[in-house]
Amino acid sequence: MRSILLTGGNGYIGTHTCVSFLKKNYKIIVLDSNVNSSPISLKRVKEIFKLRKNSQENIIFEKGDIRNEIFLRNVFINAIKRNSPIKAVVHFAGLKSVKDSVIDPLSYWDSNLFGALCLLKVMNKYKCKTIVFSSSAAIYGKNIKNPIEEISLIKPISPYGDTKVAVEKILENLFLSDTKHEWRIANLRYFNPIGAHHTGLIGENPYDVPSNIFPYICGVAIGKYKKLNIFGNDWPTKDGTGVRDYIHVMDLADSHLSAMEFLLNNEPQIINLNIGTGIGTSVLELVKIFEKVNNCIIPFDFYDRRLGDVAQLIANNKNAIYKLNWKPKKSLEDMCRDGWKWKKLNPNGY
Ligand code: NAD
Ligand code: WQD
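Okay, so let's go over this structure.

Cut-offs applied
Residues numbered from 1 in each chain as written. Chains lettered and ligands numbered in written order. Predicted model: local features only at pLDDT ≥ 70, side-chain atom pairs only at ≥ 80, totals over all residues. Heavy atoms only, no water. Buried < 20%, exposed > 50% of the residue type's maximum accessible area, 1.4 Å probe, protein only. Helix = DSSP H or I, 4+ residues; strand = E, 2+ residues; numbered from the N terminus. Pairing = 2+ DSSP bridges. Near = heavy atom within 4 Å. Polar contact = N/O pair within 3.5 Å; in protein donor to acceptor, adjacent residues only side chain to side chain. Areas by Shrake-Rupley, 256 points an atom, 1.4 Å probe, with all protein chains shown as cover. Nonpolar A, V, L, I, M, F, W, Y, C, P; charged D, E, K, R; others polar. Contact = heavy atoms within 4.5 Å. Core = buried A, V, L, I, M, F, W, Y, C linked by side-chain atoms within 4.5 Å. Salt bridge = Lys/Arg side-chain N within 4 Å of Asp/Glu carboxyl O. Phe/Tyr/Trp six-rings, centres within 6.5 Å; stacked < 30°, edge-to-face > 60°. Lys NZ or Arg CZ within 6 Å of the ring centre and 35° of its normal.

**Considerations on the pairing of strand β4 (residues 86-91)**
Where a strand is regular, its side chains alternate between the two sheet faces.
So, step 1. In terms of burial, β4 is a largely internal element, 5 of the 6 residues being buried.
So, step 2. With 5 bridges connecting them, strand β1 (residues 3-7) and β4 associate as parallel partners. Residue pairing for β4: Ile4 is matched across the bridge by Ala88.

Given below as structure tokens:
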């Protein structure tokens, strides 16, 4: 049986995607440098499957950096030696803070662009030509017209978004240059993933003060932060606060499995897909639902608008639903309940 390689598989979205693939009996290899994650996350994944801790049954862990080509080659060689060559890659590994990317763009280009280049060169060498890439709604920037379609204007407003556009471009170049028509590529453009696996065993584990709203709300709920600062109440939205398309991380995880199976079962192609629910929720609505389902109070104050924010970002997800035999199943209530369960059980992360 061949394996699927998940780069960055120890991270927030990666661990949940491990669950999706293992549920369908795939053999997976998780590659991670743990620069922003803990290897304990994989033990938790195994707990979900009631495997013995440290069991190597369906998951192999390879610790290292995607920018190290020798290490990467060894990951492919080791898989061949185990009689389980890598058939396809889900590429999560990279840095994801919009704010940090403005402060330190070189690190972002190095991890996200140079990392992707190293990976693609090694994939090419070992004739592994199927990839699902973690792209982002950040590539759309200040798009005024919502819901956003895949063909909407691509105009990122941060170095982080720029790196995602650049990798998509490299993948397009690669596909167009491929005279043998072997490359199969899916760029999944995630909107706002939140929540956690319903067991509360795995979840988001930010090392710094979170800049994203959901882990911050959880931090307020657990008493780590006094109150939520809501960035602006004068946006042109239903209640003046920012509107986003929040998607349950398990629905997002499942979209990778569906995209991979779609690629493997169809003609070689390159596809760009928005992965969201198509539903816009304001900050105030999110706070209210969190309070209701978790029976708690989230104190908040209105604060100035955050630099670089936009009023609304909502996905037109019709292409993903149509192509992938996938659709988001979980509600905002599920996202708030599951995310809070993870935080309550793991107040300090893994
Ligand atoms: P994360 O930080 O939790 O996971 C990324 C993982 O990659 C971490 O485990 C980290 O240790 C690893 N990593 C980073 N650089 C590496 C390198 N050079 N070599 C090997 N491992 C490395 O982030 P996440 O939220 O799980 O995001 C996964 C992917 O999805 C990222 O590419 C991110 O840009 C993209 N994305 C995330 C969101 C979001 O809101 N979480 C939205 C859109 C896109
Ligand atoms: C959501 C809403 C804020 C924090 C970011 C990246 C994007 C993608 C997902 C990687 C906005 C408001 C937030 C707070 C607040 N990541 N907010 N108080 O900015 O939509 O997207 O994460 O690819 O690229 O840009 O998500 O969670 O930061 O903000 O009022 O303390 O919550 O203004 O309206 P965002 P977010």
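What follows continues from the structure just given.
**Quick word on the site of ligand 2**
So, step 1. Taken together, 18 residues form the shell around ligand 2, and within it Ser136, Tyr160, Asn229, Arg244 and Asp309 come nearest.
So, step 2. For ligand 2, an oxygen atom lies 2.9 Å from a polar atom in the backbone of Phe231.
So, step 3. Taking Arg306, its side chain carries an N or O atom lying 2.8 Å from an oxygen atom of ligand 2.
So, step 4. For ligand 2, whose free accessible area comes to 690 Å², the fraction covered by protein is 87%.
So, step 5. For the shell around ligand 2, the class distribution of residues is 9 nonpolar, 6 polar and 3 charged.

**Some words on the environment of Val209**
So, step 1. Of note, Val209 is situated in the loop between β7 (192-194) and α7 (213-221).
So, step 2. Along the backbone, Val209 and Arg82 are 127 residues apart, and their C-alpha atoms lie at a distance of 41 Å.
So, step 3. Sequence-distant contacts of Val209, defined by excluding residues within four places in its chain, comprise Tyr216 and Tyr225.

**Some points on the nonpolar core**
So, step 1. In terms of nonpolar packing, the biggest core is built from 39 residues, with Ile4 and Ile28 touching the most fellow members.
So, step 2. Broken down by element, the residue count for this core peaks at 9 residues, all from helix α8 (residues 249-264).
So, step 3. In this structure, Val89, Leu120, Val167 and Trp183 belong to the second largest nonpolar core, which totals 28 residues.

**What to know about the sheet that holds strand β14 (residues 312-313)**
Strand pairing in a sheet takes place through backbone hydrogen bonds and is either antiparallel or parallel in direction.
So, step 1. The strand order across the open sheet built from 3 strands is β12-β9-β14, with neighbouring strands paired in mixed fashion. Whereas interior strands pair on both sides, the edge strands pair on one side only; in this sheet they are β12 (281-282) and β14.

**Some details on the pattern of salt bridges**
So, step 1. The final tally for this structure, using the stated rule, is 16 salt bridges.
So, step 2. Of the charged contacts in the structure, one is a salt bridge between Arg67 and Asp65, with a shortest N-O distance of 2.8 Å.
So, step 3. The exposure class of Arg67 is partly exposed, given its relative accessible area of 29%.
So, step 4. Under the relative-accessibility criterion, Asp65 is labelled partly exposed at 25%.
So, step 5. For Asp309, the salt bridge identified is with Arg244, shortest N-O distance 3.7 Å. Of the two residues, Asp309 sits in the loop between β13 (300-303) and β14 while Arg244 sits in strand β9 (residues 243-244), which places them 65 residues apart along the sequence. The same class applies to Asp309 and to Arg244, which are both buried.

**Digging into unusual backbone geometry**
So, step 1. A cis amide bond links Asn146 to the next residue, Pro147, at an omega of -10 degrees.
So, step 2. With respect to the helices and strands, Pro147 occurs in the loop between β5 (130-136) and α6 (159-177).
So, step 3. A positive phi angle, close to 50 degrees, is found at His181, a residue other than glycine.
So, step 4. Overall, the relative accessible area of 57% leaves His181 in the exposed class.
So, step 5. Of note in this structure, Asn325 is not a glycine but carries a positive phi near 55 degrees.
So, step 6. Within the fold, Asn325 resides in the loop between α10 (318-324) and α11 (332-345).

**Thoughts on the environment of Gly195**
So, step 1. Here Gly195 lies in the loop between β7 and α7.
So, step 2. Between the C-alpha atoms of Gly195 and Gly339, which are 144 residues apart in sequence, the distance is 3.8 Å.
So, step 3. In this structure Gly195 touches Tyr12, Phe214, Val249, Met335 and Gly339, once residues within four positions along its chain are discounted.

**Section: the pairing of strand β6 (residues 184-190)**
So, step 1. Among the 7 residues in β6, 7 count as buried, and that is most of the element.
So, step 2. Neither face of β6 is exposed, since Arg184, Ala186, Leu188 and Tyr190 on one face and Ile185, Asn187 and Arg189 on the opposite face are all buried.
So, step 3. In this structure, β5 lies alongside β6, joined through 7 bridges in parallel fashion. Note on β6: the bridge partner recorded for Ser135 is Arg189.

**Describing the packing of aromatic side chains**
So, step 1. Throughout the structure, instances matching the rule amount to 9 aromatic pairs.
So, step 2. Taken together, the ring pairs connect Phe214, Phe290 and Trp340 into an aromatic cluster.
So, step 3. Above the ring of Tyr126, the side-chain terminus of Lys125 is found at 5.7 Å from the ring centroid.
So, step 4. If you follow Arg305 out to its NZ or CZ, it ends over the ring of Trp235, 3.8 Å from the centre.

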